[in-house]
Amino acid sequence: MNPVVAIIGGTGLTSLDTLNITRRETRATPYGDPSSPLIWGELGGQTVVFLARHGQHHTLPPHKINYRANLWMLHHIGVKQVIAIAAVGGIRADMTPGTLAFPDQIVDYTWGRHCTFFEEDLSHVTHIDFTEPYCGRLRERLIQAARTLQLDARDTCTYAAVQGPRLETAAEIRRLERDGCDIVGMTGMPEAALARELGLRYAACAVVANRAAGKAAGEITMAEIEQNLVESMGKVKTLLARVIPTLDPA
Ligand code: HPA
């Protein structure tokens, strides 16, 4: 049976222990290997597939992820909708660690990544519409589920996709803020655009792991990020358990 939804897990979510796993599948694509095996399973009565964006053991940095292989594979197995989980830094004052955010816009600052399927053997040049980068219907389902669960969540915000793997300077964060960005992460692009190129319904659940550079006193440490993510991933799993049964069949 085609999966109803694919979950792409980010930092802090390399596996989904709430999934009743039925099989693991390792396959190559014309674009190379996906980040991890596909984990098929059942959650909330629905068939779900899970992919660990940074690899099973969290070894792939954001600029080394094969976004094309990941999205191509999901599309190939019949996935129609994707929920992307991603750790972010909080820029806007209310984006404090532990907050869940469902962005509705993106500004892309990444560079040098394979960012399209439309570049070789073209019969014509293709420009996809990306005015609304996330699927409104899927976002609405996520927001509704977060409200029902009374989670601390933000439903309108702009995601700055940066190159990484280093964190930003305080001046860079001030610039992102002037650009209208509310949260900052390293994996949102080209993932969202590739999903759109393939016609996948794609929405993101961002998890604020830290205040962005210059927004809190002191250095940002990996220990802080990891600790906050450990605490937040329980909320993400609760959210997924609530939202997945409400999703339309594929
Ligand atoms: N900046 C960019 N990406 C991130 C951050 C951050 O502060 N925290 C988690 N991912």
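Overview of the structure. (Residues numbered from 1 in each chain as written. Predicted model: local features only at pLDDT ≥ 70, side-chain atom pairs only at ≥ 80, totals over all residues. Heavy atoms only, no water.)

**Thoughts on unusual backbone geometry**
Residues other than glycine predominantly adopt negative phi, and peptide bonds predominantly adopt the trans conformation.
Now for step 1: A cis amide bond, omega -5°, links Gly 164 with the succeeding residue Pro 165.
Now for step 2: Take Pro 165: it is sitting in the loop between β9 (158-161) and α3 (170-178).
Now for step 3: With an omega dihedral of 10°, the bond running from Met 189 to Pro 190 counts as a cis peptide bond.
Now for step 4: Within the secondary structure layout, Pro 190 lies in helix α4 (residues 188-197). (Helix = DSSP H or I, 4+ residues; strand = E, 2+ residues; numbered from the N terminus.)

**Let's talk about the site of the ligand**
Now for step 1: Lining the immediate surroundings of the ligand are Ala 87, Val 88, Gly 89, Leu 167, Glu 168, Val 184, Gly 185, Met 186 and Asn 210.
Now for step 2: In this structure, Gly 89 approaches the ligand through a main-chain N or O atom, which is 3.4 Å from a nitrogen atom.
Now for step 3: One of the backbone nitrogen or oxygen atoms of Val 184 is found 3.5 Å away from a nitrogen atom of the ligand.
Now for step 4: Considered on its own, the ligand offers 260 Å² of accessible surface; in the complex 93% of this is hidden by protein.
Now for step 5: At the level of secondary structure, the elements contributing two or more residues to the shell around the ligand comprise β5 (81-90) and β10 (183-185).
Now for step 6: Ranked by the residues each element gives to the shell around the ligand, the list is headed by β5, at 3 residues. (Near = heavy atom within 4 Å. Polar contact = N/O pair within 3.5 Å; in protein donor to acceptor, adjacent residues only side chain to side chain. Areas by Shrake-Rupley, 256 points an atom, 1.4 Å probe, with all protein chains shown as cover.)

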